[in-house]
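So you can see what is in the structure, the chains are spelled out below.
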Amino acid sequence: MTVLACIDGSRYAVSVCSYAARAALRLGVGVELLHAIDRPLEGGEAIDRSGRMTVDMAEATLEEFARLSEERSRLAQAQGRLILDQAASWVRAAGVETVRERLVFGGLVDNLRDHEVDARLIVVGKRGEAENQAAAHLGSNLERVVRASHHPVLIVPPEQRPLRRFVVAYDGGPSSTKVIDILTQEPLLLDAECHLLMVSAADAEHRSRLAAATARLRDAGYSVNEVMTPGQADKVILATVRDTDADLLVMGAYGHARIRTLIIGSTTTALLRASMVPVLVVR
């Protein structure tokens, strides 16, 4: 079993490696570093389709394109190896002994299925090297990774922080119940203070569900503060993270407004965009 760390050449790589190393040490597993390189363009895409190019010119262009494509591929692989080697040195320096490096061609999501089989956790940066750094923008791979993965995904910002306390966004539904299952089965967050939040009116049914989740976490050894607050889910959750000075937000990969589709819910997406702390998403 491993922690799968998805890295690129962005400023998020150091943070991904740091959080992956911490998780691996906590779980007693190794780290697998995965770096995906986009495939080179096909030769035909470089041909002038206007009709002005002669056969000889087309052949010469194809040959030149093939040479350049091969050179770009070679350079991309060399750069990828450097990225992986640097990342491996960071993870080993953090105390992880077993580190595997994987350089693959194609999109990250396309390769995820083959490499997440043994993963207990996937760690990925909030944005990638080619992404707009605006706060409202999510990396193009991020939502696809969360949708595609069968394992918990830890989404990290570029800055690292200690893990002293965390907020669990709980609504009593299947997705957030899975969150409680994961927390009680894994020791990843056991030493941190847990704030269990339900955004809801304080009726008997919701109180009962919140109390049951609190009891499960306390039985597993967590120190739990339970909170029930009405309001708009994303705003209340972000305010709770801020007011408790939490270092992590944990939530299900569905919205907290009765969204039960096969894609990420609107509340989850809003929280991923706005959160300044790492987010652990469980499907």
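Below: a short report on this structure. Since we're looking at a predicted model, the values are computed, not measured.

To continue, consider the overall build of the protein. On a plain count of helices and strands, the protein comes out with eight helices and 10 strands. For the protein, the share of sequence-separated contacts (at least 6 apart) that also reach a separation of at least 24 residues comes to 77%. Summed over all atoms, the accessible surface of the protein reaches about 14000 Å², with 51% contributed by carbon and sulfur.

Bringing helix 5 (residues 174-185) into the picture now. Compared with an ideal rise of 1.5 Å per residue, which puts 12 residues at 16 Å, helix 5 spans 16 Å between its outermost C-alpha atoms and is within 8% of the ideal. Along helix 5, the residues classified as buried are Ser175, Ser176, Val179, Ile180, Ile182 and Leu183. The buried residues of helix 5 all sit within an arc of 160 degrees when viewed along its axis, so they share a single face. Exposed residues on helix 5 whose side chains face more than 90 degrees from its buried face are Pro174 and Gln185. Contact partners of the buried residues in helix 5: strand 6 (165-169), strand 7 (193-199), helix 6 (204-219), strand 9 (248-252) and strand 10 (279-282).

With that settled, consider the side chain of Thr244. Take Thr244: it is sitting in the loop between helix 7 (233-243) and strand 9. Exposure remark for Thr244: the relative accessible area of 19% places this residue in the buried category. Polar side-chain contacts of Thr244 include one of 2.7 Å to the backbone oxygen of Thr240. If we skip the residues at most four places from it in the chain, Thr244 touches Arg165, Val167 and His195.

A few words on the environment of Gly106. With respect to the helices, strands and loops of the structure, Gly106 is situated in the loop between strand 3 (99-105) and helix 3 (108-115). Sequence separation between Gly106 and Ala36 is 70 residues, and the spatial gap between their C-alpha atoms is 6.1 Å.

Attention shifts here to the packing of helix 5 against helix 6. The packing of two helices is summarised by the inter-axis angle and the distance between the axes. Interhelical geometry of helix 5 versus helix 6 gives an angle of 15 degrees and a closest axis separation of 9 Å. Regarding the angle of helix 5 to helix 6, the classification is roughly parallel. For the pair helix 5 and helix 6, the sense of crossing is left-handed. Of the residues in helix 6, those in contact with Thr177, Ile180, Asp181, Leu183 and Thr184 of helix 5 are Ala213, Arg216 and Leu217. Looking at the contact of helix 5 with helix 6 residue by residue, the class counts come to four nonpolar, two polar and two charged.

Calculation rules
- Residues numbered from 1 in each chain as written.
- Predicted model: local features only at pLDDT ≥ 70, side-chain atom pairs only at ≥ 80, totals over all residues.
- Heavy atoms only, no water.
- Helix = DSSP H or I, 4+ residues; strand = E, 2+ residues; numbered from the N terminus.
- Contact = heavy atoms within 4.5 Å.
- Areas by Shrake-Rupley, 256 points an atom, 1.4 Å probe, with all protein chains shown as cover.
- Expected span 1.5 Å × (residues − 1).
- Buried < 20%, exposed > 50% of the residue type's maximum accessible area, 1.4 Å probe, protein only.
- Arc of directions from axis to C-beta.
- Polar contact = N/O pair within 3.5 Å; in protein donor to acceptor, adjacent residues only side chain to side chain.
- Axes fitted to C-alpha atoms, helices over the stretch in contact; angles between N-to-C directions.
- Parallel < 35°, antiparallel > 145°, perpendicular 65-115°, else oblique.
- Left-handed = near helix turned anticlockwise from the far one by under 90°.
- Nonpolar A, V, L, I, M, F, W, Y, C, P; charged D, E, K, R; others polar.

As far as function goes, none of this settles anything; it's purely spatial.
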